[in-house]
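Descriptive structure summary
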Amino acid sequence: MSLEEYKGVFVFAQQVDNVLDGVAFELLGKGKDLAKDLNTEVTAVLIGSGVKGLADQLAEYGADRVIVVDDPELKEYRTEPYAHALASVINEYKPEIMLVGATAIGRDLGPTVSARVKTGLTADCTSLEIGDFPLVAAPGKESEQKHNQLLMTRPAFGGNTIATIACPDNRPQMATVRPGVMQKIAPIAGAKANVVEFNPGFTPDNRYVEILNVVKAVKSTANIMEAKILVSGGRGVGSKENFKLLEDLAEVLGGTVSCSRAVVENGWLPVDLQVGQTGKTVRPQIYFAIGISGAIQHVAGMEDSDLIIAINKDEDAPIFDVADYGLVGDLNKIVPALTAALKTELGK
Ligand SMILES: Cc1cc2nc3c(=O)[nH]c(=O)nc-3n(C[C@H](O)[C@H](O)[C@H](O)COP(=O)(O)OP(=O)(O)OC[C@H]3O[C@@H](n4cnc5c(N)ncnc54)[C@H](O)[C@@H]3O)c2cc1C
């Protein structure tokens, strides 16, 4: 089959406990843009047990078609049956592009499926565009432009450079995309998609994992990706106990506490509160960076915040390069003073 015969932009619509993950809507938003450039449709692939009812939400967020793989075997995420289901959908429908969220599930599922359908995958993309890709020619030969390629951009070498990658010789072009990076569209109430049910034919081989016990991870109740105000602390906060200063400030402002990776590594806060390249990408209205140096991997996750306020005792800290307002000084003095002043100002 020639590459030109692969058609359509497909998006893996991740759900857990029959609730769609926000990244599914973000991927649909991006998928719609790409599909428009390619003059094609965007299809959501919905895998789970009893999930068909979620198709309407996917339609409202832009899916032209929803392919549903519904089987009791798919109630909880397990690599084998999910990979079999998604690879079977790809083999049957032959999409040109397949996008998966770079969540814990997507980071497992995406590469497994790409290996099965014998194509490449670019992980952790921060930008996706349709464009021309120049193939470097052998000496003495003319180089060739490949048109209408998926140009997949991601940080490389520890975030010190940005690479744009294409997959000109295989289909589908597959990418995992970091949650919080792409924009979902405003939902169109009542929009309908063409819903297709697909049976991947389970066999004992692709059911072979037996679940003995499911242990839910201990998670913070806060969702830092939805918060409008984030009070984020770094190693400079000094201890787990001292995060009380940031919690007090967050409480006065109706905000949420988040942190840098150094804080997670010290065991002061759980990993789902980490902002940055290996944490979450956030875009709050106000981001306080308190005792955070502003390493490139941290900044990658918060630089699109509407307003950044940095507090650091080192006036040369790189965080001041991205901050709209900077306070140089000891956070142990500044933060309580700020909290007290805001309490008075806000009458709390
Ligand atoms: C592949 C890779 C991925 C990574 N991913 C991430 C990521 O997702 N998120 C992330 O955050 N990091 C990430 N990192 C780590 C990153 O490089 C930095 O090491 C980390 O962000 C540093 O955290 P920090 O700013 O809290 O600590 P530090 O760099 O130690 O900075 C502490 C800051 O606090 C200030 N300070 C100290 N005491 C006070 C005080 N009393 N008052 C005011 N200021 C004070 C200091 O001046 C300093 O600027 C990654 C690294 C790699 C290699």
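Residues numbered from 1 in each chain as written. Predicted model: local features only at pLDDT ≥ 70, side-chain atom pairs only at ≥ 80, totals over all residues. Heavy atoms only, no water.

The chain goes by Electron transfer flavoprotein subunit alpha/FixB family protein in an unreviewed UniProt entry, where it is assigned to Roseburia inulinivorans.

This part is about the packing of aromatic side chains. Summed over all chains, the structure comprises 5 aromatic pairs. Ring centres of Tyr93 and Phe198 lie 5.8 Å apart, and the angle between their planes is 65°; on these two criteria the pair is classed as edge-to-face. Of this pair, Tyr93 sits in helix H3 (residues 79-93) while Phe198 is found in the loop between strand E12 (194-197) and strand E13 (229-233), placing the two residues 105 residues apart along the sequence. What links up through ring pairs into an aromatic cluster is the set Phe10, Tyr93 and Phe198. (Phe/Tyr/Trp six-rings, centres within 6.5 Å; stacked < 30°, edge-to-face > 60°. Helix = DSSP H or I, 4+ residues; strand = E, 2+ residues; numbered from the N terminus.)

Take the packing of H3 against helix H4 (residues 104-116) next. H4 packs onto H3 with a crossing angle of 50° between their chain directions and a minimal axis gap of 9 Å. The angle between H3 and H4 falls in the class oblique. For H3 against H4, the interelement crossing comes out right-handed. Contacts between H3 and H4 involve Thr79, Glu80, Tyr82, Ala83, His84, Leu86, Ala87 and Ile90 from the former and Asp108, Leu109, Thr112, Val113 and Arg116 from the latter. Looking at the contact of H3 with H4, its residues break down into 7 nonpolar, 3 polar and 3 charged. (Axes fitted to C-alpha atoms, helices over the stretch in contact; angles between N-to-C directions. Parallel < 35°, antiparallel > 145°, perpendicular 65-115°, else oblique. Left-handed = near helix turned anticlockwise from the far one by under 90°. Contact = heavy atoms within 4.5 Å. Nonpolar A, V, L, I, M, F, W, Y, C, P; charged D, E, K, R; others polar.)

The next thing to look at is the sheet that holds strand E14 (residues 256-259). Strand order in the open sheet formed by 5 strands is E14-E13-E15-E16-E17, with parallel pairing between adjacent strands. Of all strands in the sheet, those bounded by a partner on one side alone are E14 and strand E17 (325-328). Geometrically, the sheet is characterised by an average inter-axis angle of 20° between neighbouring strands, direction not taken into account. Pairing between E13 and E14: 4 bridges, direction parallel. (Pairing = 2+ DSSP bridges.)

Neighbouring residues of the ligand: 25 residues in total, closest Arg235, Ser260, Thr278, Ser293 and Asn312. For the ligand, an oxygen atom lies 2.7 Å from a polar atom in the side chain of Arg235. Here an oxygen atom of the ligand and a backbone polar atom of Gln277 are 3.0 Å apart. Its free accessible area being 980 Å², the ligand has 77% of it covered by the protein chains. (Near = heavy atom within 4 Å. Polar contact = N/O pair within 3.5 Å; in protein donor to acceptor, adjacent residues only side chain to side chain. Areas by Shrake-Rupley, 256 points an atom, 1.4 Å probe, with all protein chains shown as cover.)

Turning to the sheet that holds strand E7 (residues 121-125), a few remarks are in order. Paired through their backbone hydrogen bonds, the strands of a sheet run either parallel or antiparallel. The sheet built from 7 strands is open, its strands ordered E7-E11-E6-E1-E4-E5-E12 with parallel pairing. Only two strands of the sheet have a single partner each, and these edge strands are E7 and E12. Taken over all neighbouring pairs, the strand axes of this sheet differ in orientation by 20° on average, direction set aside. As paired elements, E7 and strand E11 (residues 173-177) share 3 bridges and run parallel to each other. Each bridged residue has a counterpart across the sheet, and for Leu121 the counterpart in E11 is Met174. Contacts from helix H1 (residues 22-38) reach strand E1 (9-12), strand E4 (42-48), strand E6 (97-101) and E11 within the one sheet, and its direction differs from that of E1 by about 175°. Helix-sheet contacts for H3 involve E1, E4, strand E5 (65-70), E6 and E12, and the interaxial angle to E4 is about 150°.

On to the nonpolar core, then. Membership of the largest hydrophobic core comes to 39 residues, with the highest contact counts inside it found for Phe243, Leu246, Tyr287, Ile290 and Met302. Looking at which element gives the most residues to this core, the answer is helix H5 (residues 244-253), with 5 residues. Residues Leu46, Val66, Leu150 and Val181 belong to the second largest nonpolar core, which totals 37 residues. (Core = buried A, V, L, I, M, F, W, Y, C linked by side-chain atoms within 4.5 Å. Buried < 20%, exposed > 50% of the residue type's maximum accessible area, 1.4 Å probe, protein only.)

Attention shifts here to H5. For H5, every residue scored as buried is listed here: Leu245, Leu246, Leu249, Ala250 and Val252. Along H5, the residues classed as buried sweep out an arc of 160° about the axis, all on the same side. On its buried side, H5 packs onto E13, E14, strand E15 (286-290) and helix H9 (331-346). Just downstream of H5, Gly254 is the residue with a positive phi angle, here 70°. (Arc of directions from axis to C-beta.)

Looking now at the packing of H5 against H9. Contact geometry of H5 with H9 gives a least axis separation of 9 Å together with a crossing angle of 20°. With respect to each other, H5 and H9 are oriented roughly parallel. Here H5 and H9 pass one another in a crossing that is left-handed. Taken together, the residues of H9 that come into contact with H5 (itself represented by Leu245, Asp248, Leu249, Val252 and Leu253) are Leu331, Asn332, Val335, Pro336, Leu338, Thr339, Leu342, Lys343 and Leu346. Considering only residue class, the contact of H5 with H9 consists of 10 nonpolar, 2 polar and 2 charged.

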